[in-house]
Amino acid sequence: MTDDIRNIVLGVVAAGVSASLGWLARTYLWRRRLRRKQAFFGLPGNSECLLVVNREAGGDGAVHRHDVFALLELSALIKDCGAHAEIVQHDTARQGFGERTEFCVGGPASNRRMAAHLGSLLPGVKVNTEPEPKAERGAFQIGPERYLAEPGVAEYVLLARLTAGEGERPVFLFCGQRAITNQAASRYLARHHEKLARKYGGSAFCLLLKVVNSQAYGPDVVELVADATRAAQQPVPVAD
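About the cut-offs
- Residues numbered from 1 in each chain as written.
- Predicted model: local features only at pLDDT ≥ 70, side-chain atom pairs only at ≥ 80, totals over all residues.
- Heavy atoms only, no water.
- Helix = DSSP H or I, 4+ residues; strand = E, 2+ residues; numbered from the N terminus.
- Contact = heavy atoms within 4.5 Å.
- Expected span 1.5 Å × (residues − 1).
- Buried < 20%, exposed > 50% of the residue type's maximum accessible area, 1.4 Å probe, protein only.
- Arc of directions from axis to C-beta.
- Pairing = 2+ DSSP bridges.
- Axes fitted to C-alpha atoms, helices over the stretch in contact; angles between N-to-C directions.

Q: Sorry, what's going on with the side chain of Ser 214 here?
A: Tracing the backbone shows Ser 214 in helix α5 (residues 214–217). Among residues more than four places away in sequence, those in contact with Ser 214 are Gly 152, Glu 155, Arg 178 and Ile 180.

Q: Explanation requested: helix α2 (residues 65–80) in the structure shown.
A: An α-helical turn contains 3.6 residues, so any two residues separated by three or four positions project in the same direction. If you check α2, its first and last C-alpha atoms are 23 Å apart, about what 16 residues at 1.5 Å a residue would give, namely 22 Å. Looking only at α2, the buried set comprises His 66, Asp 67, Ala 70, Leu 71, Glu 73, Leu 74, Leu 77 and Ile 78. Looking down the long axis of α2, one finds its buried residues gathered within 160° of arc, a one-sided arrangement. Away from its buried face, by an angle of more than 90 degrees, α2 presents the exposed residues Arg 65, Leu 72 and Lys 79. Backbone geometry just downstream of α2 places Gly 82 in the positive-phi region, at approximately 75°.

Q: Can you help me understand the environment of Ala 39 in this one?
A: Summarising the element assignment, Ala 39 is placed in helix α1 (residues 3–41). Note on Ala 39: relative accessible area 55%, which makes it exposed. Between the alpha carbons of Ala 39 and Gly 202 there is a distance of 7.8 Å; along the sequence they are 163 residues apart.

Q: I tried to follow the sheet that holds strand β5 (residues 140–142) on my own but got confused; where do I start?
A: One open sheet holds the three strands; their spatial order is β4-β5-β6, and the pairing between them is antiparallel. The open sheet is flanked by β4 (125–127) and β6 (145–147), the only strands paired with a single partner. Along the sheet, successive strands turn relative to each other by an average axial angle of 20°, direction set aside. Inspection of the sheet shows β4 paired to β5 by three bridges, in the antiparallel sense. Across the sheet, the residue bridging to Val 127 is Phe 140, located in β5.

Here is the structure:
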């Protein structure tokens, strides 16, 4: 074997080894990211989860289109984890929590299960479900602070990851003042779940987000207003 042929053979072997090592490294990193994602969402491969949907105000079982978009965002996350989703209406989801991961979409006025979750898991959060006065509709109270919606200008949504019950699977809440804010929260989760996983790990959190100028930007411009976890989990004191 001449030196030229030997160099060609060695070059081919080195290239093959480098390609194999690169593939192994990428596969390892991909699998590690997948395991972290699955752990954060409580969705190991082939597991089952719930997508609890609300109803459109004034509709007969209809789901608002922005809530449908939110479900699509969440379905993509679930698929990436190799899990499967069961979609159930809010008034038929009569079961506990903790055994299966749950994604609950919609405010308490249109989602009974959300109302139950707020009362049980986030007693420090109060949402005005009365239709009048209109300016107060959907207002959040978290501890002593109140957050009123300015439709199309500034609207709020709670994004929460909570654990309770006998199992260890989390409940994710997307509780917005309007349907477009639910979509904004689901998109925020899809974009920032790695950052949230690094910060909170398996711990519970409740974030207050503000959707800015949705009439112009839709659900895309979202600001983090506060980490409201502590205030949301503390019952509101009863006035004497």
